[in-house]
Structures are given as structure tokens and as C-alpha cells.
Amino acid sequence: MAQKKRQIQVNNPKFVVGDLVHIPQDVVLWSLSELELTHTTTTTAPTTGVVMDELPDTVVVFVNGRRMHANKRHVYPYKEELR
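Since this is a predicted model, take the numbers as computed values, not measurements. (Residues numbered from 1 in each chain as written. Predicted model: local features only at pLDDT ≥ 70, side-chain atom pairs only at ≥ 80, totals over all residues. Heavy atoms only, no water.)

(A) The pattern of salt bridges, seen in detail. Inspection of every chain in the model, using the stated rule, returns 1 salt bridge. A salt bridge links Glu54 to Lys72; the nearest nitrogen and oxygen atoms lie 2.6 Å apart. In this pair, Glu54 is assigned in strand E4 (residues 47-54) and Lys72 in the loop between strand E6 (66-71) and strand E7 (76-77), connecting sequence segments 18 residues apart. The same class applies to Glu54 and to Lys72, which are both buried. (Salt bridge = Lys/Arg side-chain N within 4 Å of Asp/Glu carboxyl O. Helix = DSSP H or I, 4+ residues; strand = E, 2+ residues; numbered from the N terminus. Buried < 20%, exposed > 50% of the residue type's maximum accessible area, 1.4 Å probe, protein only.)

Following this line, the structure appears as C-alpha cells:
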């Protein structure tokens, strides 16, 4: 079986650009435009996002068609199952 090619790692090896992450229910997500808060939302159900970037306390994910920020404590990388 072919090895999974790892993509560019961001600051924390926990998050890798392009990888899927799990975002639980009731997590606050927000978007910024030139350091100005433009949109906030709270997840109503567990959802999936794609890691785009990582900042000191937040991870930037693409979720529901938007680039959103989430607190790192509330986002979890999907792990591959070993069989």
C-alpha cells in the first residue's frame, strides 16, 4: 500500500494544511477581514472542515463554504484507522 504523502505542516504537528478536522456542535467560528470581525456563527451539529492555516491560539479552517477561525481547543484532527 502506498504511503500517505504528508503536506506542509503548520506550527503544531497536530494540524497539517489540507487535512480534515472534526468540529463539534456548539463551537464558535468567526471570520476576519483585514483584522476586522465580519461574521460569527456557532455550529448547530458536528461538522468537518479543512485546515488552511494555524495561528497561535486558533486554526483557520474551510467549513461550510467559508474561511473561518476556530479556537484550537475545539477542533480535532481526524485520525486514520490502522487495520
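(B) Main features of the environment of Thr47. Among the structural elements, Thr47 can be located in strand E4. Residues in contact with Thr47, not counting those within four places in the same chain, are Val21, His22, Ile23, Val63 and Asn64. (Contact = heavy atoms within 4.5 Å.)

(C) How the structure looks around the pairing of strand E3 (residues 36-42). Across 6 bridges, strand E2 (residues 28-33) lies against E3 in antiparallel orientation. Counterpart to Ser31 in the pairing with E3 is His39. The antiparallel pairing of E2 with E3 creates a hairpin that spans 2 residues between the two strands, and Glu34 there sits at a positive phi of about 50 degrees. (Pairing = 2+ DSSP bridges.)

(D) Expanded view of the nonpolar core. Grouped together as the largest cluster of nonpolar side chains are 12 residues: Phe15, Val21, Ile23, Val27, Leu29, Val51, Val59, Val61, Val63, Met68, Ala70 and Val75. At the level of elements, strand E1 (20-23), strand E5 (58-63) and E6 are the ones that each hand at least two residues to this core. At 3 residues, E5 tops the list of elements feeding residues into this core. Not counting chain neighbours up to four residues away, the residues in contact with Val21 comprise Phe15, Thr47, Thr48, Gly49, Val50, Val51, Val61, Val75, Tyr76, Pro77 and Tyr78. (Core = buried A, V, L, I, M, F, W, Y, C linked by side-chain atoms within 4.5 Å.)

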